[in-house]
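Each chain is listed here by its residues.
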Amino acid sequence: MALVTLGCQVLVASTFAVAAISKRPGKAFAEFTRSTGLLLPPRVGRWRRPVALGAFAAELAVVVLTLLPATAAAGFALATVTTTGFTIAIAAALRRGERAPCRCFGAGGTPLGPVHLARNLVLIVVAVAGLLTALLSPAGPTEPALAVVTVIAALTVASLVIRLDDLVALFAPSPYHPNKSK
């Protein structure tokens, strides 16, 4: 179980680290703040900056808490709550017909959609699995070779999660444009 916890730690922490870094203060944070306003119901849209700051702070806290063995369970719990909040906000925005650009990992302009809900559900499952294994299995020594393989696998999955918009665009069917130069 220690390897499952390790894999979840690496996947969650690296995903949240890239999300937080991509929202660093400046233009990226301003864009994230604008998109956050589109996710909020109209009556609370004025809270977009505090919500954006809270999301940024929560993402940083998840990284630190999740990587430290003594606080890993708290990090997984915070990741679960944070990602669940994001998921609810995205679902509500989609229900209202809002198609805000996804600024989850920076300046991407892909409109939010069902794929983002699916991604978040996977992250929630990983965070809950990490939480359960962190609580139920005491941290102990692991075989170094297995730990390295686990870290590499977790980083690979994290990179797929982080670059999901690009992967979807890459494999999306493109419209056929016949050659008109005959």
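Just so you know, these numbers come straight off a predicted model, no measurement behind them. (Residues numbered from 1 in each chain as written. Predicted model: local features only at pLDDT ≥ 70, side-chain atom pairs only at ≥ 80, totals over all residues. Heavy atoms only, no water.)

Engineer: Describe the overall build of the protein, with residues and values.
Structural biologist: Secondary structure assignment for the protein yields 7 helices and 0 strands. Listing every helix and strand of the protein by position from the N terminus yields α-α-α-α-α-α-α. Classification of the 182 residues of the protein by burial places 38% in the buried group. In the protein, once contacts between residues fewer than 6 apart in sequence are set aside, the share between residues at least 24 apart is 70%. By element, 72% of the accessible surface of the protein is carried by carbon and sulfur atoms, the whole surface being about 10,300 Å². (Helix = DSSP H or I, 4+ residues; strand = E, 2+ residues; numbered from the N terminus. Buried < 20%, exposed > 50% of the residue type's maximum accessible area, 1.4 Å probe, protein only. Contact = heavy atoms within 4.5 Å. Areas by Shrake-Rupley, 256 points an atom, 1.4 Å probe, with all protein chains shown as cover.)

Engineer: Can you tell me about the packing of helix α1 (residues 2-21) against helix α6 (residues 144-162), naming the residues and giving the values?
Structural biologist: Running from N to C, α1 and α6 cross one another at 35°; their axes reach a closest spacing of 8 Å. For α1 against α6, the interelement crossing comes out right-handed. Residue-level inspection shows Leu-3, Leu-6, Gly-7, Val-10, Leu-11, Ser-14, Thr-15 and Val-18 of α1 in contact with α6, the latter providing Leu-146, Ala-147, Thr-150, Val-151, Ala-154, Leu-155, Val-157, Ala-158, Val-161 and Ile-162. Classifying every residue of the contact of α1 with α6 gives 14 nonpolar, 4 polar and no charged. (Axes fitted to C-alpha atoms, helices over the stretch in contact; angles between N-to-C directions. Left-handed = near helix turned anticlockwise from the far one by under 90°. Nonpolar A, V, L, I, M, F, W, Y, C, P; charged D, E, K, R; others polar.)

Engineer: Hey, could you go over a nonpolar patch on the surface for me, with residue numbers and the actual values?
Structural biologist: A cluster of nonpolar side chains, namely Met-1, Val-128, Leu-132, Leu-135 and Leu-136, defines an oily patch on the protein surface of about 520 Å² accessible area. When its relative accessible area of 59% is taken as the criterion, Leu-135 is described as exposed. (Patch = residues over 30% accessible without salt bridge, like charges linked within 9 Å, V, L, I, M, F, W, Y side chains within 5 Å. Salt bridge = Lys/Arg side-chain N within 4 Å of Asp/Glu carboxyl O.)

Engineer: Give me the pattern of salt bridges: which residues, what numbers.
Structural biologist: The full count for this structure, using the stated rule, is 2 salt bridges. Here Glu-59 and Lys-23 are joined by a salt bridge, their closest N and O atoms 3.0 Å apart. Placement of the pair is Glu-59 in helix α3 (residues 48-67) and Lys-23 in the loop between α1 and α2 (27-39), with a sequence separation of 36 residues. For the pair Glu-59 and Lys-23, a shared accessibility class is recorded, and that class is buried.

Engineer: Tell me what's going on with the side chain of Gln-9, and back it up with residues and numbers.
Structural biologist: Mapped onto the elements of the fold, Gln-9 is located in helix α1. By relative accessible area, Gln-9 is classed as buried at 10%.

Engineer: Describe helix α5 (residues 114-136), naming the residues involved and giving the relevant values.
Structural biologist: Taking 1.5 Å per residue as the helical rise, α5 with its 23 residues ought to reach 33 Å, and the 33 Å between its terminal C-alpha atoms agrees with that figure. Among the residues making up α5, those that are buried are His-116, Arg-119, Asn-120, Leu-123, Ile-124, Val-126, Ala-127, Gly-130 and Thr-133. Next to the buried residues of α5 lie α1, α4 (72-95), α6 and α7 (164-171). (Expected span 1.5 Å × (residues − 1).)

Engineer: Give a detailed account of the nonpolar core, specifying residues and quantitative values.
Structural biologist: Formed by 16 residues in total, the largest nonpolar core has its most connected members in Leu-11, Val-12, Phe-16, Val-62, Phe-76, Ala-79 and Val-126. At the level of secondary structure, the elements contributing two or more residues to this core comprise α1, α3, α4, α5 and α6. Ranked by residues supplied to this core, first place goes to α1 with 5 residues. Ranked by size, the runner-up nonpolar core spans 6 residues in total, among them Phe-29, Phe-32, Ala-55 and Phe-56. (Core = buried A, V, L, I, M, F, W, Y, C linked by side-chain atoms within 4.5 Å.)

Engineer: Break down the side chain of Thr-80 for me, citing the residues and quoting the values.
Structural biologist: Structurally, the position occupied by Thr-80 is in helix α4. Leave out the neighbours within four places in its chain, and Thr-80 touches Ile-124, Ala-127 and Val-128.

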